[in-house]
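# What the coordinates show
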Amino acid sequence: MKKSSFIALVLGTVSGVLFALGVCMALIPEWDAFRPGVIFGVAGLALGIITVLIWRKMEHKAPVRVAGKTILAIAVGIVGVLALGIGMCFSMVWDKIIAGILIGLAGIVILLCLIPLTVGIQK
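What you are looking at is a predicted structure, and each value in this text was computed from that prediction instead of being measured. (Residues numbered from 1 in each chain as written. Predicted model: local features only at pLDDT ≥ 70, side-chain atom pairs only at ≥ 80, totals over all residues. Heavy atoms only, no water.)

### A closer look at the overall build of the protein chain
Secondary structure assignment for the protein chain yields 5 helices and 0 strands. When its helices and strands are written in sequence order, the protein chain yields α-α-α-α-α. Relative to a compact globule of 123 residues, whose C-alpha radius of gyration would be 14 Å, the protein chain shows 18 Å and is clearly more extended. Oriented by its inertia axes, the alpha-carbon framework of the protein chain measures out at about 50 × 50 × 25 Å. Across the 123 residues in the protein chain, those meeting the buried criterion constitute 17%. In the protein chain, once contacts between residues fewer than 6 apart in sequence are set aside, the share between residues at least 24 apart is 49%. Taken together, the 10 basic and 4 acidic charged side chains of the protein chain have centroids lying 25 Å from each other. (Helix = DSSP H or I, 4+ residues; strand = E, 2+ residues; numbered from the N terminus. Rg over C-alpha atoms; globule rule 2.2 N^0.38 Å. Buried < 20%, exposed > 50% of the residue type's maximum accessible area, 1.4 Å probe, protein only. Contact = heavy atoms within 4.5 Å. Lys, Arg positive; Asp, Glu negative; His and termini not counted. Charge placed at Lys NZ, Arg CZ, Asp CG, Glu CD.)

### Some thoughts on the confidence of the model for the protein chain
Mean pLDDT over the protein chain works out to 92, with 100% of the residues at or above the 70 mark. Highest mean pLDDT in the protein chain belongs to helix α4 (residues 97–112) (95); lowest belongs to helix α5 (residues 114–118) (90). (pLDDT = per-residue confidence, 0-100.)

### Observations regarding the side chain of Ser-4
Tracing the sequence through the fold places Ser-4 in helix α1 (residues 3–27). By relative accessible area, Ser-4 is classed as buried at 5%. Reaching out from Ser-4, the side chain makes a polar contact with the side chain of Glu-59 at a distance of 2.3 Å. Contact partners of Ser-4, with chain neighbours within four places excluded, come to Trp-55, Met-58 and Glu-59. (Polar contact = N/O pair within 3.5 Å; in protein donor to acceptor, adjacent residues only side chain to side chain.)

### Topic: unusual backbone geometry
The backbone of His-60 shows a phi angle near 55°, a positive value even though the residue is not glycine. Within the secondary structure, His-60 sits in the loop between α2 (34–58) and α3 (68–92). The backbone phi angle of Asp-95 is positive, close to 55°, even though this residue is not glycine. Within the secondary structure, Asp-95 sits in the loop between α3 and α4.

### Describing the packing of α1 against α2
Look at α1 against α2: their axes get within 7 Å of each other, and the N-to-C directions meet at 165°. As judged from the angle between their axes, α1 and α2 are roughly antiparallel. Crossing geometry of α1 relative to α2 is assigned as left-handed. Split by residue class, the contact of α1 with α2 holds 19 nonpolar, 10 polar and 1 charged. (Axes fitted to C-alpha atoms, helices over the stretch in contact; angles between N-to-C directions. Parallel < 35°, antiparallel > 145°, perpendicular 65-115°, else oblique. Left-handed = near helix turned anticlockwise from the far one by under 90°. Nonpolar A, V, L, I, M, F, W, Y, C, P; charged D, E, K, R; others polar.)

### Some points on the packing of aromatic side chains
For the structure on display, the rule yields 1 aromatic pair. Plain terms: the ring middles of Phe-90 and Trp-94 are 5.2 Å apart, the flat faces sit at 90° to each other, and that makes the pair edge-to-face. According to the relative accessible area criterion, Trp-94 is partly exposed, its value standing at 48%. (Phe/Tyr/Trp six-rings, centres within 6.5 Å; stacked < 30°, edge-to-face > 60°.)

This is the structure we're talking about:
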């Protein structure tokens with residue numbers, strides 16, 4: 001294993017754990033730790049971004065260019081994931097199964113639209 005891959009693995013794992021712990025702390029009311037949860041979550045996100053930057057530097061790759069297509073792909077991904085999550089909430093939390101299934105399927109279709117958007121359609 002290359003040194004850059006190992007460092008990315010360790011930093012990525014730590015950032016993922018921090019983010020997940022922060023989300024749990026913020027969203028589980030029994031823990032009563034909303035503010036520390038937000039701090040942990042933001043720290044996890046920041047460490048994740050730093051991990052990508054460090055890994056790209058160690059691999060001698062060019063910095064990430066932000067283009068309109070990239071922003072569109074990120075927006076479509078966010079909308080798709082939110083729709084899928086809202087559908088799951090409708091089904092599992094609010095006992096509205098049919099609406100949850102329909103919203104969740106719409107989220108899956110939106111996420112599937114990311115494939116031609118990012119990769120493209122070829123012959």
